[in-house]
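# Observations on the model geometry
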Amino acid sequence: YYRTTLAALSPTVDNIRLVIGATRQAFNRSSLAELEESKRLQDIITLDLDEFFEEVELAQAEKANEGNRYLQKLYGVLGHLEHIADEMKRLGEPIQRKIKESTLIADKDYFHVNDLFTHVKGLLRGLADSFDLVLLDESSHYSLIDAVEGLKCRAQPFEARNPSSL
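So, here's what we can say about the structure. Computed from a predicted structure; not experimentally measured.

Calculation rules
Residues numbered from 1 in each chain as written. Predicted model: local features only at pLDDT ≥ 70, side-chain atom pairs only at ≥ 80, totals over all residues. Heavy atoms only, no water. Axes fitted to C-alpha atoms, helices over the stretch in contact; angles between N-to-C directions. Helix = DSSP H or I, 4+ residues; strand = E, 2+ residues; numbered from the N terminus. Parallel < 35°, antiparallel > 145°, perpendicular 65-115°, else oblique. Left-handed = near helix turned anticlockwise from the far one by under 90°. Contact = heavy atoms within 4.5 Å. Nonpolar A, V, L, I, M, F, W, Y, C, P; charged D, E, K, R; others polar. Core = buried A, V, L, I, M, F, W, Y, C linked by side-chain atoms within 4.5 Å. Buried < 20%, exposed > 50% of the residue type's maximum accessible area, 1.4 Å probe, protein only. Salt bridge = Lys/Arg side-chain N within 4 Å of Asp/Glu carboxyl O.

Further remarks concern the packing of helix α1 (residues 2-29) against helix α2 (residues 32-61). One can describe the packing of α1 onto α2 by two numbers: an axis separation of 9 Å at closest approach and a directional angle of 160°. Overall, the two elements α1 and α2 adopt an arrangement that is roughly antiparallel. Regarding α1 and α2, the two cross each other, and that crossing is left-handed. Facing Thr5, Ala8, Leu9, Thr12, Asn15, Ile16, Leu18, Val19, Ala22, Thr23, Gln25 and Ala26 of α1, the residues of α2 in contact are Glu34, Leu35, Glu37, Ser38, Leu41, Gln42, Ile44, Ile45, Asp48, Leu49, Phe52 and Glu55. Each residue belonging to the contact of α1 with α2 can be placed in one class, and the counts come to 13 nonpolar, seven polar and four charged.

Printed below as a string of structure tokens:
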């Protein structure tokens, strides 16, 4: 149950990453359309997380699962994902105000805000990747090759660098 639920959470994590991307675009490009896309995705995430919370709470209520540490960990993961999604939602109002009031922001501040977006998005990519690797279970017939293919889809291409130039 724990593994399949983590695997099922992967698309929700990807949606949170999309929200971060849309929020970032709204901030950088003063785009109300991107801000609306972020709100639309947030509504989907809220519904998805509510279903997961309900499912885990029902599982925890069963006598056989009393004190199950995997369910407790899963509940904690859900709480953290919900917190990240809520924080992205809270950013909507100041970004909307920035857009409507045509507020100018110093380049240095743009850099810092974008750096934060990058770090959170990277952490979520790592989380989604780890959810893919959790599926390495003989009963599901999921292979390491399948997991690596899932990771490749998320990985961004990078340019090989000459070690002597570093």
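In globular proteins that are soluble, nonpolar side chains generally tend to be buried together. Counting 29 residues, the largest nonpolar core has Leu9, Leu78 and Leu81 as its most contacted members. Discounting residues that sit within four places of it in the chain, Leu9 has contacts with Leu49, Phe52, Leu74, Val77, Leu78, Leu81 and Phe131.

Another aspect to go through is the pattern of salt bridges. Applying the stated criterion across every chain yields a total of six salt bridges. Across the salt bridge formed by Arg17 and Asp14, the nearest N and O atoms sit 3.5 Å from each other. Here the residue Arg17 and the residue Asp14 both occupy positions in helix α1, the gap between them amounting to three residues, near one helical turn. By relative accessible area, which is 25% here, Asp14 ends up partly exposed. Between Arg97 and Glu93 there is a salt bridge; the shortest N-O distance is 3.5 Å. Note that Arg97 and Glu93 are positioned in helix α3 (residues 69-100) at a spacing of four residues, about one turn of the helix. With a relative accessible area of 41%, Arg97 lands in the partly exposed category. Its relative accessible area of 56% is what places Glu93 among the exposed residues.

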